[in-house]
Amino acid sequence: MKALILCAGKGTRLRPLTFTNAKPLIPIANKPTIMYSLEKIRDAGVTEIGLVVNSENIEDFKNVLGDGSQLGIKLSYIIQEHPKGLAHAVKVSKEFLDNDDFIMYLGDNLVNFDLKNFIDQFKQGNYESFILLTSVDNPSQFGIAVMEDSKVTKVVEKPKDAPSNLAIIGVYIFTPKVFEAIENIQPSWRGELEITDAIQWLIDNSNNVGAHIVEGWWKDTGKPEDLIEANRTILSTLKEQKIEGEIRSDSSVQGMVHIGKNTKIMNSIIRGPVIIGENVTISNAYIGPYTSIGDSAHINSSEIENSIILSYANISNVYIRIESSIIGENSKIFSTERKPYSLKLVIGDYSNIQIPK
């Protein structure tokens, strides 16, 4: 079995972060989002993995992931020049898949479940397709599946009147028969080849599509608030303190906190769960729960909580607590004493700044 991870999207809902970084490479708890999926796939025994990327972000992935050898996997890069749908992404990967069964992941998904058990169920049922489902409160926003006994009898994309509350959450297994399905479907009203249409074709022509309903947590990290929630979820799993940096005697570290090498904490309070990268300087500051801070960041005389601070960010003398925020790489936030008393901003397209009254 091989694996396919779809990473060719533009990440428009995460701008401006995705102007300079591919969405699946944005870190959660100081690790690129896609790394969680790669590790889960590897641990399930699948080591040949294809990444479907676009011509604009392929170098970003190569710079971070290389050929995958450092993770014990073999990565191949497949270019999808135009975003013509998930089924189209499968279609352009046909040469890589080479008539093998394969598991497919959406690159911005985080799923906490037993992938090996999922694969075993697929094999035992001799299915043409096997999909991961979960119950949701807002089914009209998802692809939805209807089940009878152990079989999927219908799938529909974002229905106005949903026939069930079982959402398709972006993890699938297919046999090579999916290529026949893709050849027999037409583009949707969006002009895309929809994977739900391919699955429905398999249902209609083989009556052999199964599903597993996952009870664990799942997150689509497509929006800033989703990233922050995913960061909270992963940080909440920290089980121990791991201190590799220097904690000065005038500082306090409380709870589950990871601090990287060459990081200095001075006259500050760190209250976990928190993860702080390497070569970070924190002075006269409070870092509250559910915060991750990337490498080489500098934080002085400021308070931060429930936020993601990326590498090389510099935050200084901010006298209002920063919370539920994402601060991009090399960003600067600081206050100065000058006249007139006013805000001075240099911000990029699609930025979002909230100022308390």
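The name given to the protein in an unreviewed UniProt entry is Glucose-1-phosphate thymidylyltransferase, with the source organism recorded as Petrotoga halophila DSM 16923.

Colleague: Any chance you could explain the overall build of the protein here in plain terms?
Modeller: Broken down by element type, the protein carries nine helices and 30 strands. For 357 residues, the compact-globule estimate of 2.2 N^0.38 gives 21 Å, and the C-alpha radius of gyration of the protein, at 22 Å, lies within 12% of that figure. In terms of principal-axis extent, the alpha carbons of the protein reach across some 70 × 40 × 35 Å. Considering only residue pairs separated by 6 or more positions, the protein has 50% of its internal contacts joining residues 24 or more positions apart. Entry remark: accessible area of the protein is about 17,700 Å², with carbon and sulfur atoms responsible for 45%.

Colleague: Would you mind going over the pairing of strand β5 (residues 74–79) with me for this structure?
Modeller: If a strand is regular, its side chains alternate between the two faces of the sheet. As paired strands, strand β4 (residues 48–53) and β5 are joined by six bridges and run parallel to one another. Across the sheet, valine 52 pairs through a bridge with isoleucine 78, a residue of β5. At this point the chain moves from β4, through helix α3 (residues 58–65), to the parallel β5, and the crossover so formed is right-handed.

Colleague: Any chance you could explain the pattern of salt bridges here in plain terms?
Modeller: Side chains that differ in sign of charge can pair as their charged atoms come close. For the structure on display, the rule yields eleven salt bridges. One salt bridge in this structure joins glutamate 39 and lysine 31, with 3.0 Å as the shortest N-O distance. Taken together, the shared-partner salt bridges in this structure form one network comprising Arg190, Glu192 and Glu194.

Colleague: Help me understand the sheet that holds strand β29 (residues 326–327), please; the structure alone is not making it clear to me.
Modeller: An order of β14-β17-β20-β23-β26-β29 is seen for the six strands of this open sheet, with the pairing classed as parallel. A strand with exactly one partner marks an edge of an open sheet, and here the two such strands are β14 (242–243) and β29. Docked against the sheet, helix α9 (residues 224–235) engages β20 (274–276), β23 (291–293), β26 (308–309) and β29, running at close to 95° with respect to β23.

Colleague: Sorry, what's going on with the packing of aromatic side chains here?
Modeller: Aromatic ring pairs are reported here in terms of the distance separating the ring centres and the angle at which the planes meet. Under the definition given, this model contains six aromatic pairs. Ring geometry for phenylalanine 118 against phenylalanine 130: centres 5.1 Å apart, planes inclined by 35°, an arrangement best described as tilted. A residue pair is termed long-range when its members are at least 10 positions apart, and phenylalanine 118 in helix α6 (residues 115–125) and phenylalanine 130 in strand β8 (residues 129–135) qualify at twelve residues. A ring pair is formed by tyrosine 172 and phenylalanine 174, whose centres lie 5.8 Å apart and whose planes are at 15°; its orientation type is stacked. One exposure class covers both tyrosine 172 and phenylalanine 174, and it is buried. Feature note: the residues Phe102, Tyr172, Phe174 and Phe179 constitute an aromatic cluster, connected by ring pairs. In this arrangement the basic side chain of lysine 2 is found over the ring face of phenylalanine 96, its NZ or CZ atom lying 5.1 Å from the centre. Geometry around tyrosine 290 places arginine 232 over its ring, the cationic atom sitting 4.0 Å from the centre.

Here is what the cut-offs are and how they apply
Residues numbered from 1 in each chain as written. Predicted model: local features only at pLDDT ≥ 70, side-chain atom pairs only at ≥ 80, totals over all residues. Heavy atoms only, no water. Helix = DSSP H or I, 4+ residues; strand = E, 2+ residues; numbered from the N terminus. Rg over C-alpha atoms; globule rule 2.2 N^0.38 Å. Contact = heavy atoms within 4.5 Å. Areas by Shrake-Rupley, 256 points an atom, 1.4 Å probe, with all protein chains shown as cover. Pairing = 2+ DSSP bridges. Right-handed = clockwise from strand over helix to strand, strands pointing away. Salt bridge = Lys/Arg side-chain N within 4 Å of Asp/Glu carboxyl O. Axes fitted to C-alpha atoms, helices over the stretch in contact; angles between N-to-C directions. Phe/Tyr/Trp six-rings, centres within 6.5 Å; stacked < 30°, edge-to-face > 60°. Buried < 20%, exposed > 50% of the residue type's maximum accessible area, 1.4 Å probe, protein only. Lys NZ or Arg CZ within 6 Å of the ring centre and 35° of its normal.

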